[in-house]
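Overview (structure and organization)
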Amino acid sequence: CNNFCTYCIVPYVRGRERSRNAKNIIDEVRRVASEGYKEVMLLGQNVNSYGNDTDGEITFAQLLKEVCTVDGIERVRFMTSHPKDISDELIEVMASEDKICKQLHLPIQCGSDRILKLMNRKYTKEKYLQTVKKVRDAMPNIVLTTDIIVGFPGETEEDFLETMEVVKEVQYDSAFTFIYSKRTGTPAAVMENQIPDDVVKDRFDRLLAEVQEISRERCARFEGQTMDVLVEDVNDHDSSLVTGRLTNNLLVHFKGTEDLIGKIVDVHLDECRGFYYMGTMISK
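Residues numbered from 1 in each chain as written. Predicted model: local features only at pLDDT ≥ 70, side-chain atom pairs only at ≥ 80, totals over all residues. Heavy atoms only, no water.

Some points on the packing of helix α6 (residues 125–138) against helix α7 (residues 157–170)
Where α6 contacts α7, the two axes come as close as 12 Å, and the packing angle between them is 10 degrees. Judged by the inter-axis angle, α6 sits roughly parallel to α7. In this structure, α6 contributes K125, L129, V132 and R136 to the contact, and α7 contributes E162, E165, V166, E169 and V170. (Axes fitted to C-alpha atoms, helices over the stretch in contact; angles between N-to-C directions. Helix = DSSP H or I, 4+ residues; strand = E, 2+ residues; numbered from the N terminus. Parallel < 35°, antiparallel > 145°, perpendicular 65-115°, else oblique. Contact = heavy atoms within 4.5 Å.)

Here we look at the sheet that holds strand β4 (residues 143–150)
Sheet strands pair via backbone hydrogen bonds, and the direction of the pair is either parallel or antiparallel. Taken together, the 3 strands give an open sheet; going across it, the order is β3-β4-β5, and neighbouring strands pair in parallel fashion. The open sheet is flanked by β3 (103–105) and β5 (174–179), the only strands paired with a single partner. Recorded for the sheet is a direction-independent mean angle of 15 degrees between the axes of neighbouring strands. Here β3 runs beside β4; their pairing, made up of 3 bridges, is parallel. Looking at the pairing, Q103 lines up with V143 of β4. Its contacts with the sheet place helix α8 (residues 197–219) against β4 and β5, and it is angled at close to 175 degrees to β5. (Pairing = 2+ DSSP bridges.)

Regarding the pairing of strand β2 (residues 75–79)
β2 sits mainly inside the fold: 4 of its 5 residues count as buried. Alignment of strand β1 (residues 39–43) against β2, held across 5 bridges, turns out to be parallel. Counterpart to L43 in the pairing with β2 is M79. (Buried < 20%, exposed > 50% of the residue type's maximum accessible area, 1.4 Å probe, protein only.)

Some points on the sheet that holds strand β10 (residues 276–281)
Read around the closed barrel, 5 strands run β6-β7-β8-β10-β9, paired in mixed fashion. In this sheet, neighbouring strand axes are inclined to one another by 50 degrees on average, regardless of whether the strands run parallel or antiparallel. Relative to strand β7 (residues 241–245), strand β6 (residues 226–234) runs antiparallel, the two sharing 4 bridges. When the bridges of β7 are listed, V231 appears paired with G244.

Structural notes on the packing of helix α4 (residues 88–96) against α6
Where α4 meets α6, the closest approach of the two axes is 9 Å, and the angle between their N-to-C directions is 25 degrees. Relative to α6, the element α4 is oriented roughly parallel. The crossing of α4 and α6 is right-handed. Between α4 and α6, the residues in contact are D88, I91 and A95 and K134, V135 and A138, respectively. Across the contact of α4 with α6, the residue classes break down as 4 nonpolar, no polar and 2 charged. (Left-handed = near helix turned anticlockwise from the far one by under 90°. Nonpolar A, V, L, I, M, F, W, Y, C, P; charged D, E, K, R; others polar.)

Shape descriptors only; they carry no functional weight alone.
As structure tokens, then:
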């Protein structure tokens, strides 16, 4: 990673960004497709900067389009996207390619511009919200997820409330919430105004309650629809059920047998149970 967020040790222990050769990636995708895999995920610390170290001979959006041409692959996912690098080209490709899952993980980390600057995130709350608007205008039903850190050094109650405002405005489908923890060797570890544990815990609990309530409401909006589900496994708790995943990454449990694993089937979403669905497979 090249970003050096002040709370993160990754650039120090993993080194600079390196873009894999595009041909090698496509060859690997073709290989797994020939083995019967239906879905691939392109994974990187910051996928949006793919190609920057190879003089931009191929952008991440162009790589996604190439992956979508591989026969046998029916779903393409990617993460993680850094908000400062997401391009209009990527949004356009996501919207236009049916194989690309309409799910985007876009870490905000904090809603306060003052704290974002201390974190060295290189975007503002306004810029982030503009990106969210572009994404939602292009893909109204997209599932948006995020990362949020609570208790970064110097965070005031006002800073925290700005984060809460962003959460309420964006209405994330889910959020990974973290309590700030010192990483020895990072600039944030030696910053003044480290936040007392009791204050951080109170803010974290308030944020988590808000995030979970919004997530439940967002998840429930698909109830009653019939959607494609990629079956992943026999259910851990009930062997008469199988567990699969929607293109938006939500889990669905429904009656089925082990031979369905690896197949994409139509499932009616009968009931939302907070963060997953119970469904019924529709026979074709």
